[in-house]
Number of protein chains: 2
Amino acid sequence: MHKRNNPIGVFDSGVGGLTVVRALMERLPHENIIYFGDTARVPYGVKSVETIRQFTGEIVDFLLAQNVKMLNIACKTMAAVASDVVKERAGHLPVLDVIEAGAKAAVDASVSKTIGVIATPTTINSNAYARRIASLDASIRVFSQPCPLFVPLVEEGWLDHPVTRLTTQEYLKPVLAEQVDTLVLGCTHYPLLKPLLQEVAGDKVTLVDSAVTTASQTAHLLRELALANPGDHPTPPVYRYVVTDVPLRFTTIGERFLGRSLGRVEVV
Amino acid sequence: MHKRNNPIGVFDSGVGGLTVVRALMERLPHENIIYFGDTARVPYGVKSVETIRQFTGEIVDFLLAQNVKMLNIACKTMAAVASDVVKERAGHLPVLDVIEAGAKAAVDASVSKTIGVIATPTTINSNAYARRIASLDASIRVFSQPCPLFVPLVEEGWLDHPVTRLTTQEYLKPVLAEQVDTLVLGCTHYPLLKPLLQEVAGDKVTLVDSAVTTASQTAHLLRELALANPGDHPTPPVYRYVVTDVPLRFTTIGERFLGRSLGRVEVV
């Protein structure tokens, strides 16, 4: 089998990375995809850096054994504190991560050179977005806001609930006070809050959805490296979902992220 | 050393069980206590039953190796789905759990024989409270409500925030509509929301704080089994805090639960 037919490996600490899978399916309908969600050990955002790096290494080893042709780090926490671990183990395979993708898209979008970043506490504390944005354009000012309640609110399904609206207003207040013109949604869960975030932030603020930007950068990279699947097979692409545990409501939440039926889920 | 001087072992999936430790310190000021929080693998509430049972067994083995004189299961999820694992491994040692303690206190408190239970989705789905209450008094009606947002709200420190108030009103509405006269706070985090819960529920509803009821049942059990520490030592009691990972903000959150300084935290 030619390497172009090998799957894209996408991984996350839980179900959130399915928003990246969804964006990849829409952008690259011929690609095979294998998704790994470490649901037994989610969430990573509250763990120590050493633990996160160890878990990340284990996941990468698993995906390499499945012959992936590239790796997509869908978890902001892993991208923030363990992307070197992934690159080292991946060797020659291309690696993309959502922080890099989001930072690049935000720099391209910002006119006023004032960018807001919302994410989990660990991602914000890692300073990864601010550092990557600064490395692309040192003149840009970045204002960061940790939003620890957004993940549980999304998982509760309260996407347009008064509680979520009030929480959003509270979290965005200090960022909007800085007159940002671009807001990076720095967590895989946040795209599901996009309509509400846009409403609270106002029309003048551009939201950067990292799932969508990751998918378009993946398309660009595969084309450049001649690794894109030409889609000349009679069979539809294969989507595999591998998790370390099947928690309660996994299918319900997963399908909300994926925007379609999950089918069979493998547990390792 | 006499067995009476051995510590009480208290364990939870994370920091929440420190509310039980706090209640024990107040009720039993002479007792040595060792607390185990599985912070590397928290939260258990979203994991499968098999995984929870395996993790529980590992924690019990660790505490038995520390010569505890009794075990206190502070985690509702473990109490709900793995209390048999604990009792089997503990052998002759007494085991108390917060579900048993809460169920008993609620049955004693209810006059109208209509009890509400609020807890995490896993605890509610396990039906553990309803079953234990029914085994104590089959004529009591139980109304259960999962409250997945309370834990993250407490950990955010929004104990009296408009968002928490609105969330509480939403969660309690169906339970209060059933005219319950007693409400069991079925999660170690919830005692920190007691003032708000009492306000929303109204004065006629008795709140059952499982940390406090666990402490008083522990006192009763130790006296009965002649295992209470007489407190005739010149040195103050020893409190040990053992965790599997030291997450961000652990000390801040832990001390909020404990109501005092944590001192040294051991990582295993």
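Up top is the structure these notes are about.
Attention here is on the structure that accompanies the text. (Residues numbered from 1 in each chain as written. Chains lettered and ligands numbered in written order. Predicted model: local features only at pLDDT ≥ 70, side-chain atom pairs only at ≥ 80, totals over all residues. Heavy atoms only, no water.)

1. Section: the overall build of chain A
Along chain A, the regular secondary structure elements total 11 helices and 10 strands. Taken along its principal axes, the extent of the C-alpha atoms in chain A is 55 × 40 × 40 Å. Across the 268 residues of chain A, 60% fall into the buried class. Taking contacts inside chain A between residues at least 6 apart in sequence as the whole, the part at least 24 apart equals 78%. Element-wise, carbon and sulfur atoms account for 53% of the exposed surface of chain A, whose accessible area totals about 10700 Å². (Helix = DSSP H or I, 4+ residues; strand = E, 2+ residues; numbered from the N terminus. Buried < 20%, exposed > 50% of the residue type's maximum accessible area, 1.4 Å probe, protein only. Contact = heavy atoms within 4.5 Å. Areas by Shrake-Rupley, 256 points an atom, 1.4 Å probe, with all protein chains shown as cover.)

2. Some thoughts on the side chain of Asp181(B)
Looking at the secondary structure, you find Asp181(B) in the loop between helix H8 (162–176) and strand E7 (182–185). In contact with Asp181(B), not counting residues within four places along its chain, are Ser110(B), Val111(B), Ser112(B), Thr114(B), Lys204(B), Val205(B) and Thr206(B).

3. With respect to the relation of the copies chain A and chain B
Expressed as a screw operation, the relation of chain A to chain B combines 0.1 Å of axial shift with a rotation of 180°, fitting to an RMSD of 0.0 Å. Between the two chains, the operation in question is that of a two-fold axis. When the interface residues of chain A are mapped onto chain B, 97% of them again lie at the interface, so the same face is used by both copies. (Least-squares fit on C-alpha atoms with pLDDT ≥ 70 in both.)

4. Here we look at the packing of aromatic side chains
Under the criterion given, the structure shown has 10 aromatic pairs over all chains. Look at Tyr44(A) and Phe55(A): their rings are 5.6 Å apart centre to centre, the planes differ by 55°, and that puts the pair in the tilted class. In this pair, Tyr44(A) sits in the loop between strand E2 (33–37) and helix H2 (49–64) while Phe55(A) sits in helix H2, placing the two residues 11 residues apart along the sequence. Assigned by exposure class, Tyr44(A) and Phe55(A) land together as buried. When the ring of Phe150(A) is compared with that of Tyr171(A), the centres are 5.2 Å apart and the planes differ by 85°; the resulting orientation is edge-to-face. Of this pair, Phe150(A) sits in helix H7 (residues 150–156) while Tyr171(A) sits in helix H8 (residues 162–176), and the two are 21 residues apart along the sequence. Tyr171(A) matches Phe150(A) in its accessibility class, with the two residues each being buried. Joined through ring pairs, the aromatic side chains of Phe150(A), Tyr171(A), Tyr190(A) and Trp158(B) make up one cluster. Geometry around Phe55(A) places Arg41(A) over its ring, the cationic atom sitting 3.6 Å from the centre. (Phe/Tyr/Trp six-rings, centres within 6.5 Å; stacked < 30°, edge-to-face > 60°. Lys NZ or Arg CZ within 6 Å of the ring centre and 35° of its normal.)

5. Description of the sheet that holds strand E8 (residues 206–209) of chain B
Residue and element names in this part refer to chain B. Judged by pairing direction, the sheet is parallel, and its four strands sit side by side in the order E6-E5-E7-E8 without closing on themselves. Two strands lie at the open edges of the sheet, namely strand E6 (141–146) and E8, each paired on one side alone. Across the sheet, the mean angle from the axis of one strand to that of its neighbour is 20°, orientation sign disregarded. Note that strand E5 (residues 114–119) and E6 share six bridges and pair parallel. If you follow Ala119 over to E6, its bridge partner there is Pro146. (Pairing = 2+ DSSP bridges. Axes fitted to C-alpha atoms, helices over the stretch in contact; angles between N-to-C directions.)

6. What about the sheet that holds strand E3 (residues 70–73) of chain A?
Residue and element names in this part refer to chain A. In spatial order, the strands read E4-E3-E1-E2-E9-E10; together these six strands make up an open sheet with parallel pairing. Whereas interior strands pair on both sides, the edge strands pair on one side only; in this sheet they are strand E4 (95–97) and strand E10 (265–267). With direction set aside, neighbouring strand axes in the sheet form an average angle of 20°. Pairing between strand E1 (residues 8–12) and E2: five bridges, direction parallel. For Val10, the partnering residue across the bridge sits in E2 and is Tyr35. Packed onto the sheet, helix H1 (residues 18–27) meets E1, E2, E3 and strand E9 (239–243) and runs at close to 170° relative to E2. Here helix H10 (residues 210–224) sits on the sheet and contacts E1, E3 and E4; the angle it forms with E3, its principal contact strand, is near 165°.

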